[in-house]
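Results of the structural survey
For reference, the chains in residue letters:
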Amino acid sequence: MVGGLVLSQAQSHQVATPRTAAPAPVPAQALEKRLREQAAPCGTAAAAVSARSVDDVRKAHARHIKLGLDRSPRHARPLLAACALSGWPGGMELAASIFESLDEPEAFDYNTLMRGHVSGGRGDRDPSAALRLYADMLEAGVEPDNYTFPFVLKACAQLASLQEGRQLQAQIVKLGFQHDEHVQNSLISFYGKCGEPAMARLAFDRTEAEDRTPASWSALLAAYTRAGLWGECLESFGAMVREGWRPDESSMVSALSACAHLGAYDVGRSIHCALLRNATRLNTIMETSLVDMYAKCGCIEKAAAVFDAMNGKNAWAYSAMVSGLALHGDGRKALQVFDAMVREGQAPDAAVYVGVLNACSRAGLLEDGLRCFDRMRLEHKVAPNAQHYGCMVDLMARAGRLGDARALIGSMPTGPTDTAWRSLLNACRIHVDLGLAERALQELRRLGAANAGDYVIVADMHARAKNWDAAAALRTEAADGGLAPSPGFSAVEVRGEVHRFVSQDMSHPRRRDIYEMLHQMEWQLRFDGYEPDTSEVALAVGEEEKRRVAAAHSQKLATAFGLLSTPEGAPVRVVTNLRMSKECHAYSALISEIFGREIVVRDRSRFHRFRRGACTCRDHW
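Residues numbered from 1 in each chain as written. Predicted model: local features only at pLDDT ≥ 70, side-chain atom pairs only at ≥ 80, totals over all residues. Heavy atoms only, no water.

Some thoughts on the UniProt feature "repeat: PPR" (unreviewed entry) in the chain
Sequence positions flagged by UniProt for "repeat: PPR" (unreviewed entry) are, in local numbering, residues 106–144, 213–247, 314–348 and 349–383. Secondary structure across residues 314–348 comprises 74% helix and 0% strand; the distance between its end C-alpha atoms is 10 Å. The span residues 349–383 is 77% helical and 0% strand by assignment, and the distance between its end C-alpha atoms comes to 10 Å. (UniProt positions renumbered as here; feature names shortened; annotations may be inferred. Helix = DSSP H or I, 4+ residues; strand = E, 2+ residues; numbered from the N terminus.)

Notes on the nonpolar core
Judged by nonpolar contacts, the single largest core of 143 residues is most densely connected at M114, I271 and L424. The dominant element in this core, judged by the number of residues it contributes, is helix α19 (residues 315–327), at 8 residues. Of all hydrophobic cores here, the second largest spans 27 residues; its members include I514, M517, L518 and F610. (Core = buried A, V, L, I, M, F, W, Y, C linked by side-chain atoms within 4.5 Å. Buried < 20%, exposed > 50% of the residue type's maximum accessible area, 1.4 Å probe, protein only.)

Points about helix α6 (residues 91–100)
Every buried residue of α6 is accounted for by G91, M92, L94, A95, I98 and F99. Along the long axis of α6, the arc covered by the buried residues comes to 160°, so they all point the same way. In α6, the exposed positions angled more than 90 degrees off the buried face are occupied by E93 and E100. (Arc of directions from axis to C-beta.)

Topic: the pairing of strand β1 (residues 490–494)
Taken residue by residue, a regular strand's side chains alternate between the two faces of the sheet. With 5 of its 5 residues buried, β1 lies for the most part within the structure. Burial of the side chains of β1 extends over both faces: S490, V492 and V494 are buried on one face and A491 and E493 on the other. Direction of pairing for β1 relative to strand β2 (residues 497–501): antiparallel, over a ladder of 5 bridges. Looking at β2, one finds that E493 is bridged to V498. Where β1 hands over to β2, the hairpin turn is made up of 2 residues, of which R495 adopts a positive phi near 50°. (Pairing = 2+ DSSP bridges.)

Details of the packing of helix α14 (residues 230–242) against helix α15 (residues 249–262)
Two elements in contact, α14 and α15, have axes whose closest approach is 9 Å; the angle formed by their N-to-C orientations is 135°. Classified by the interaxial angle, the pair formed by α14 and α15 is oblique. Handedness of the α14/α15 crossing: left-handed. Only S251, M252, S254, A255, S257, A258, C259, H261 and L262 of α15 make contact with α14, whose side of the interface consists of W230, G231, C233, L234, F237 and M240. For the contact of α14 with α15, the per-class residue count stands at 10 nonpolar, 5 polar and no charged. (Axes fitted to C-alpha atoms, helices over the stretch in contact; angles between N-to-C directions. Parallel < 35°, antiparallel > 145°, perpendicular 65-115°, else oblique. Left-handed = near helix turned anticlockwise from the far one by under 90°. Contact = heavy atoms within 4.5 Å. Nonpolar A, V, L, I, M, F, W, Y, C, P; charged D, E, K, R; others polar.)

Focus on the side chain of S423
Examined against the element boundaries, S423 turns out to sit in helix α25 (residues 418–431). In this view, S423 contacts G390, V393 and D394; residues no more than four positions away in its chain are not counted.

So, the pattern of salt bridges
Pairing is possible between side chains that carry opposite charge, provided their charged atoms lie close to one another. Within this structure, the stated rule accounts for 23 salt bridges. For D339, the salt bridge is made with R375, and the minimal N-O distance between the two is 3.4 Å. On the criterion of sequence distance, the pair formed by D339 in helix α20 (residues 331–343) and R375 in helix α22 (residues 366–378) is long-range, its members being 36 residues apart. The class of D339 is partly exposed, set by a relative accessible area of 30%. Under the relative-accessibility criterion, R375 is labelled buried at 19%. (Salt bridge = Lys/Arg side-chain N within 4 Å of Asp/Glu carboxyl O.)

Quick notes on a positive patch on the surface
Together, R125, K154, K193 and R226 make up a region of like positive charge exposed at the surface. You can call K193 partly exposed: its relative accessible area is 39%. (Patch = residues over 30% accessible without salt bridge, like charges linked within 9 Å, V, L, I, M, F, W, Y side chains within 5 Å. Areas by Shrake-Rupley, 256 points an atom, 1.4 Å probe, with all protein chains shown as cover. Lys, Arg positive; Asp, Glu negative; His and termini not counted. Charge placed at Lys NZ, Arg CZ, Asp CG, Glu CD.)

What to know about helix α12 (residues 197–205)
The periodicity of an α-helix, 3.6 residues per turn, causes residues three or four positions apart to be oriented the same way. Among all positions in α12, only P197, A200, A203 and F204 are buried. Viewed along the axis of α12, the buried residues span an arc of 120°, placing them on a single side of the element. Tucked into the core, α12 has its buried residues touching α11 (181–193) and α13 (214–227).

Some points on the packing of aromatic side chains
Going through the model one piece at a time under the given rule, you end up with 11 aromatic pairs. A centroid spacing of 5.9 Å and a plane angle of 20° characterise the contact between W523 and F527, whose relative ring orientation is stacked. Placement of the pair is W523 and F527 together in helix α29 (residues 511–527), with a separation of 4 residues, close to one helical turn. The same class applies to W523 as to F527, namely exposed. (Phe/Tyr/Trp six-rings, centres within 6.5 Å; stacked < 30°, edge-to-face > 60°.)

Focus on unusual backbone geometry
Even without glycine at this site, V432 takes up a positive phi of about 55°. Take V432: it is sitting in the loop between α25 and α26 (434–446).

So, the sheet that holds strand β4 (residues 599–602)
Remark on secondary structure: sheet strands pair via backbone hydrogen bonds, oriented parallel or antiparallel. Strand order in this open sheet of 6 strands is β2-β1-β3-β4-β5-β6, and the pairing throughout is mixed. The sheet is open, and its two edges are formed by β2 and β6 (614–615), each paired on a single side. Sheet analysis places β1 next to strand β3 (residues 572–576), joined by 3 bridges and oriented antiparallel. The residue of β3 that forms the bridge with A491 is V575. The sheet contacts of helix α32 (residues 582–594) involve β4, β5 (607–611) and β6, and relative to β5 the element is tilted by about 35°.

Considering the environment of N311
Considering the arrangement of structural elements, one finds N311 in the loop between α18 (300–309) and α19. Through-space distance from the C-alpha of N311 to that of E287 is 9.8 Å; in sequence the pair is 24 residues apart. Beyond its immediate chain neighbours, meaning those up to four positions away, N311 contacts R281 and T284.

What follows is the structure, given as structure tokens:
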């Protein structure tokens, strides 16, 4: 229970009488407009409208008290609104004092004060006070109106109070507000912010088609985005467009975020074109979203073009560009952007430094990374957090300094984290240190953070060392602990549709064409002297079976389909949840040379861009 919102039987009875009809939908800015209109100046309260500080309102309030008007909601309302909606320091305290002096406050007065409690800056918000005020409103017999529920639902969302929000939904239905535009949109948003996308979708579906607005779709897309349901987000965005709605800024930001995570370059580019057609100028939020989308879809040149054209770059824009360059392994360019940020007077924050240190790690810039870590602490006074230490462990371990990385984990002020141990474990695989890998897995077990992937790494290392019993024991331990590895997949986008493949996949409608293409690809590679590397196939089977498994890897299937389905000379963009193997890396490099295509692969940690037989990672990944 938060703020006493769980209702007594008496309170529940007060809100149980349904209205005969729901109120008509109101314009988009109706809540703001109504608060301002009903708080219009009257008598001496006109001073509240021109007030520039809490002191001005106090003076006007003092005159009210002298005239005996301070207890009248009609006369005190402009003062109450001025304090609650101004954002002035001390404004909410004075607003609460004015409210307490009212003889019979009405729904509008409660709404004004509740809005002040949920709409201020993070430090000024008090959503619990808004919920207590709502309970007091019911206790006093004041019936909520359709402007009340958006504010109370927002309070529940800020507190992640799912139980109280569900009670409010029942009251909304009882009072007949289930068709109100703003109430329904607030309900969708509430469930999304509480991590309940299925409930947000249910609330959306219960909204009549004629009652939906762009804000309804925006709230649904935001719910999917918050839950990481990127596919559902893009599907809903497509449905919104097909039904004739023009997406608003929030909807486009959600869709661009989904494109970034799915690698849906064609869809993201279409959204960018729509923005250019319909807007004279893009704001910083939209431009930053485009930078992030293009970078994560493998087109860092377009990300840089959008970034360079931006006016008034902020820390978020710099962070997106630095992180994008880190993802592409271009550490030098990331450091140049970071230096430009500092020269332009932007103060680097913790998020920017995560991108900078990641960029150094992925490009193998050990000395630059150590220098930036010192600069962060000593020059910019940013206290390193667990993410920064994880980046430094990864940087040292990738550079082969496994002992130094191990020592840094032991000296972390935050205490060793699973991220740091997992970075060390991944480096142990690269540098083939089975003993330290076993220690890292042991520490992950001790932290209760070991996942199926951790067991697979060490089991595969044992398998490559022909320690079949140890490998089998680790896999059995993971299975007995209920740690099922996520299925490996690779996806490729063709004409706006994402096609997903798993190893040995036979489910695609064009499987015959795909395997025929795969056969032609391998034939041409062998004609040029290619021999598949099966050293990373950690199976106790014969060489021929290993070759068969390697030949139908999910990444190779996705590449084959991309070559079949895209125009001659167009890049093939593949997204995989696996780490790029040495075999797939060599294979993709040769394919890019033989077929004259750019092959762009985003694995689970970075991008590989193959052109004319070479990769942008320079074999450091």
